[in-house]
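Spelled out from the first residue to the last, the chains are:
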Amino acid sequence: MKAAAAEGGGPCRADGDDSLYPIAVLIDELRNEDVQPPLESLATVEETVVRDKAVESLRKISQEHSPVDLEVHFEPLVKRLASGDWFTSRTSACGLFSVCYPRVSSTVKAEIRQHFRTLCSDDTPMVRRAAASKLGEFAKVLELDYIKSDIISLFTALASDEQDSVRLLAVEACVSIATLLPQEDLETLVMPTLRQAAEDKSWRVRYMVADKFSELQKAVGPEITKNDLVPAFQNLLKDCEAEVRAAAANKVKEFCENLPEDNREQIIMTHILPCVKELVSDTNQHVKSALASVIMGLSTILGKDNTIEHLLPLFLAQLKDECPEVRLNIISNLDCVNEVIGIRQLSQSLLPAIVELAEDAKWRVRLAIIEYMPLLAGQLGVEFFDEKLNTLCMAWLIDHVYAIREAATCNLMKLVEKFGAEWAQNTIVPKVLGMANDPNYLHRMTTLFCINALSEACGQDITTKQMLPVVLKMSNDQVANVRFNVAKSLQKIGPVLDSNALQAEVKPVLEKLATDTDMDVKYFAQEAISATRAVFALHAAAPSPPVLDANFEKQMEQQAVCFH
C-alpha cells in the first residue's frame, strides 16, 4: 500500500514518523497543480490562529497586486471565502474587503459592499462578530455617500444585535465612523445608537463604551460632549457593575483634559467631581485603584485653590485606604500635586502610608514603593528624608527577598546622586559598612553590593578611605560566596581607586584570593587581576605613571596560564 502511494506521487508515511506526516501531505499538495491556493485553504481552517495568520498574509499580498490583478485573482478569492459553506471562511473574508476595495472598479466595489452587507446579517454570530470588528476599518475606505447610506445602517443593526459580543464590537467601530462624518451628521446618524450603547443591558457593552470614551469624546467634538457625553460619563461612573465603574474611573483625567476650555472647570466641579468623591470610598478595590492612578492629574487641571479645597481631602483619604494598590497609585503620582501645591501639604498623611507599604506582606508592593523613593526624597527634601525615611531605606537592605535588597541598593545610589557625597559619607556609608559584621552572610554580601553601587557616586576619597578597608577585610570571610564577591567588588571599584591603593592594598588581596581553595573564588580573583592590569595600563598612560613591580606582572601572567 505504501509503495503504491509512493508510486502514485502521494505522501509516504513511514513507521515512527507520524509527526512529519502532515508536512509530507502539505508538500505533496503544493506539488499538485489542481490544489486551491494555500492561503485560501488556510483561511478556512478551524484553528483561529491559523486563519488570522492566513488573512494577515493575504492582506500583505494584496498590496503587491496591480488593480487589474486584484480584480482577476484576489477579488474572486474574497468572494469565494465570503460565500463559503463554513463560517470559518466567511469570518476570514471580513478582514479582506478593506484592502481590495480602494483599487477596484466601481462595479466590483458595489459587489464588495453587497458581500459585506450580507456578512453583517449572517446567521452565525461568529461571522457577525468578525464583520462588526472590521466595520470601522471598512468604513475608512468607503466614499462618504456610502458611509451614510450603507455603513450607518449596518452600524445601527450590529449595535442592536441579540449577541452582546457583537454589540460591543459595534461600539469600537463607532469611533472610526464618527471621525469620518461631518459634524452636522453626527447627532442624527451616530448619537442615538451611542446613547443606546451607553445604557445597554449588558455590562460588557457599557464597559466598552467606558473604555473607548476618550476616543469617542474626541471624535464627536465639544458640543456633543457637553450635551450628551457628560451625562453619559456620569452614569458610567455610577454604573452598578464594578468593571464598568473601574473603566470609567480610569478615563477621568483624560475626559476632563479634553473638555472645552471655556467651561471645563464648571463641568468638572458640577458634574464630574461629585461622582469622583463617591468613587474614593467605592466598595470595590479595583475601582478605587483605577481612580487613584489618575485622580492626581486633576490638580493640574483645576489649579491650586480647587486642589487644596476639593482634591486634597480625597488624596488624604486615599493615602489611608486599606488597599495597598490605592495608596501606591497615589504615591506614584505625587509629582502632579507637587507642581501645583507642593508635597508638604500631604507629608503628614504621606509618611504612615509609605511605612505601611514599605512593610507590606506582598514583596511586589514593597518593591514598587522603593522605586518611587528617589522621587519622594527629591520632593520632600533631605531633612524630612533623614528624619522619617532613612531608616526604611536601610531596612530594605536586609529584606528576606533578594529583589528587594537589589532594588534597595540601587535606591541608595540614586539618593547619593540626589543628595551628594557629603550626605552619603555622614548618613549612608557608616550604616552600610556596619553590615559587614552582620552574622547573616547575605547581609554581608549586601554590603559589597552597596559599595559597588556607591563607589562612583561617592568618589575616590570616600571609596579609598572608608569603603576599601572594609572590602579588604572581608576577603577573610568564612563563606566562599562572600570572598568571590570581594574579588568582584575590587574589580568594580578599581577604576575609582588611585594607583597607590591598587598597588599596595588591592594587589596582595587579589593574589591571595587567586590561590583560594574554592574554584569560584579563584576564577573571580583571576578576572579581577586581569581587569586590574587594564587599570594599571590606563594609569601608565597618565602623566605620572605608577611603578608596577616585575614580580607582580610575572605572577599575574603565570596565574593566567595556569587558570586557562
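Residues numbered from 1 in each chain as written. Predicted model: local features only at pLDDT ≥ 70, side-chain atom pairs only at ≥ 80, totals over all residues. Heavy atoms only, no water.

Caption draft 1: Inspection of the overall build of the chain at higher detail. Looking only at helices and strands, one finds 35 helices and 0 strands in the chain. When the accessible area of the chain is evaluated, it comes to approximately 27000 Å², of which 51% is carbon and sulfur surface. (Helix = DSSP H or I, 4+ residues; strand = E, 2+ residues; numbered from the N terminus. Areas by Shrake-Rupley, 256 points an atom, 1.4 Å probe, with all protein chains shown as cover.)

Caption draft 2: Spatial organisation of the packing of aromatic side chains. Overall, the coordinates contain 13 aromatic pairs when judged by the stated rule. Plain terms: the ring middles of Phe116 and Phe138 are 4.5 Å apart, the flat faces sit at 35 degrees to each other, and that makes the pair tilted. With Phe116 in helix 8 (residues 106-120) and Phe138 in helix 10 (residues 135-139), this residue pair connects regions lying 22 residues apart in the sequence. Here Phe138 falls in the buried class, since its relative accessible area comes to 3%. Considering the side-chain rings of Phe484 and Phe524, the 5.0 Å spacing of their centres and the 25 degrees angle between planes classify their relative orientation as stacked. With a gap of 40 residues between them, Phe484 in helix 32 (residues 480-493) and Phe524 in helix 34 (residues 519-540) connect regions that are remote in the sequence. These aromatic residues form a ring-pair network of at least three members: Phe97, Tyr101, Phe116 and Phe138. (Phe/Tyr/Trp six-rings, centres within 6.5 Å; stacked < 30°, edge-to-face > 60°. Buried < 20%, exposed > 50% of the residue type's maximum accessible area, 1.4 Å probe, protein only.)

Caption draft 3: Representation of the packing of helix 5 (residues 67-82) against helix 6 (residues 87-94) within the structure. Interhelical geometry of helix 5 versus helix 6 gives an angle of 135 degrees and a closest axis separation of 7 Å. Between helix 5 and helix 6, the angle is such that the two are oblique. Residues Val78, Leu81 and Ala82 of helix 5 form the contact with helix 6, whose participating residues are Ser89, Arg90 and Ala93. Tallied by class, the residues present in the contact of helix 5 with helix 6 amount to 4 nonpolar, 1 polar and 1 charged. (Axes fitted to C-alpha atoms, helices over the stretch in contact; angles between N-to-C directions. Parallel < 35°, antiparallel > 145°, perpendicular 65-115°, else oblique. Contact = heavy atoms within 4.5 Å. Nonpolar A, V, L, I, M, F, W, Y, C, P; charged D, E, K, R; others polar.)

Caption draft 4: Representation of the confidence of the model for the chain. Of all residues in the chain, 89% have pLDDT values of 70 or greater, and the mean over the chain is 86. Confidence drops under pLDDT 50 across residues 544-548; counting only partners more than four residues distant or on other chains, this segment forms 11 contacts. Across residues 552-564, where pLDDT falls below 50, the model places 17 contacts with residues more than four positions away in sequence or in other chains. (pLDDT = per-residue confidence, 0-100.)

Caption draft 5: A look at the pattern of salt bridges. Summed over all chains, the structure comprises 32 salt bridges. Of the charged contacts, one joins Arg59 and Glu137 as a salt bridge, the two residues approaching to 2.9 Å between their closest N and O atoms. Highlighted residues: Arg59 in helix 4 (residues 48-62) and Glu137 in helix 10, separated in sequence by 78 residues. Judged by relative accessible area, which is 24%, Arg59 ranks as partly exposed. One salt bridge connects Glu223 with Lys226, and the closest N-O pair in it is separated by 3.3 Å. (Salt bridge = Lys/Arg side-chain N within 4 Å of Asp/Glu carboxyl O.)

Caption draft 6: Local environment of the nonpolar core. Membership of the largest hydrophobic core comes to 183 residues, with the highest contact counts inside it found for Ile177, Val252, Ile295 and Ile331. Per element, the largest residue contribution to this core is 10 residues, and it comes from helix 12 (residues 164-180). (Core = buried A, V, L, I, M, F, W, Y, C linked by side-chain atoms within 4.5 Å.)

Caption draft 7: Structural view of the packing of helix 23 (residues 324-331) against helix 25 (residues 347-358). It is the contact of helix 23 with helix 25, at a shortest axis distance of 10 Å, that shows an interaxial angle of 125 degrees. Here helix 23 is positioned oblique relative to helix 25, judged by the angle of their axes. Classified by chirality, the crossing of helix 25 by helix 23 is left-handed. Each of Pro324, Arg327, Leu328 and Ile331 in helix 23 lies in contact with helix 25, whose residues at this interface are Leu350, Ala353, Ile354, Glu356 and Leu357. When its residues are assigned to classes, the contact of helix 23 with helix 25 shows 7 nonpolar, no polar and 2 charged. (Left-handed = near helix turned anticlockwise from the far one by under 90°.)

Caption draft 8: Highlighting the side chain of Gln234. Structurally, Gln234 can be placed in helix 17 (residues 222-237). Sequence-distant contacts of Gln234, defined by excluding residues within four places in its chain, comprise His271 and Cys275.

Caption draft 9: Spatial organisation of the environment of Cys120. Within the secondary structure, Cys120 is located in helix 8. With sequence-adjacent residues up to four places away left out, Cys120 is seen in contact with Arg128, Ala131, Leu154 and Leu158.

Caption draft 10: Local environment of a nonpolar patch on the surface. Residues Leu20, Ile23 and Ile27 make up a contiguous nonpolar surface patch of roughly 270 Å² in combined accessible area. Relative to the helices and strands, Ile23 is located in helix 2 (residues 21-31). (Patch = residues over 30% accessible without salt bridge, like charges linked within 9 Å, V, L, I, M, F, W, Y side chains within 5 Å.)

Caption draft 11: Structural detail: helix 15 (residues 203-211). Here helix 15 has its buried residues at Val205, Arg206, Met208, Val209 and Ala210. Those residues of helix 15 that are buried lie in contact with helix 12, helix 14 (191-198), helix 16 (213-220), helix 17 and helix 18 (242-249).

Caption draft 12: Representation of helix 31 (residues 460-473) within the structure. Its 14 residues give helix 31 an end-to-end C-alpha distance of 19 Å, which sits within 8% of 20 Å, the value for a rise of 1.5 Å per residue. Burial in helix 31 covers these residues: Ile462, Thr463, Thr464, Met467, Leu468, Val470, Val471 and Leu472. Tucked inside the fold, the buried residues of helix 31 contact helix 29 (421-434), helix 30 (441-458), helix 32 and helix 33 (499-513). (Expected span 1.5 Å × (residues − 1).)

Caption draft 13: Focus on the state of the cysteines. Summed over all chains, the structure comprises 0 disulfides. Note on Cys94: no disulfide assigned, nearest cysteine sulfur contributed by Cys120 at a separation of 7.1 Å. (Disulfide = S-S within 2.5 Å.)

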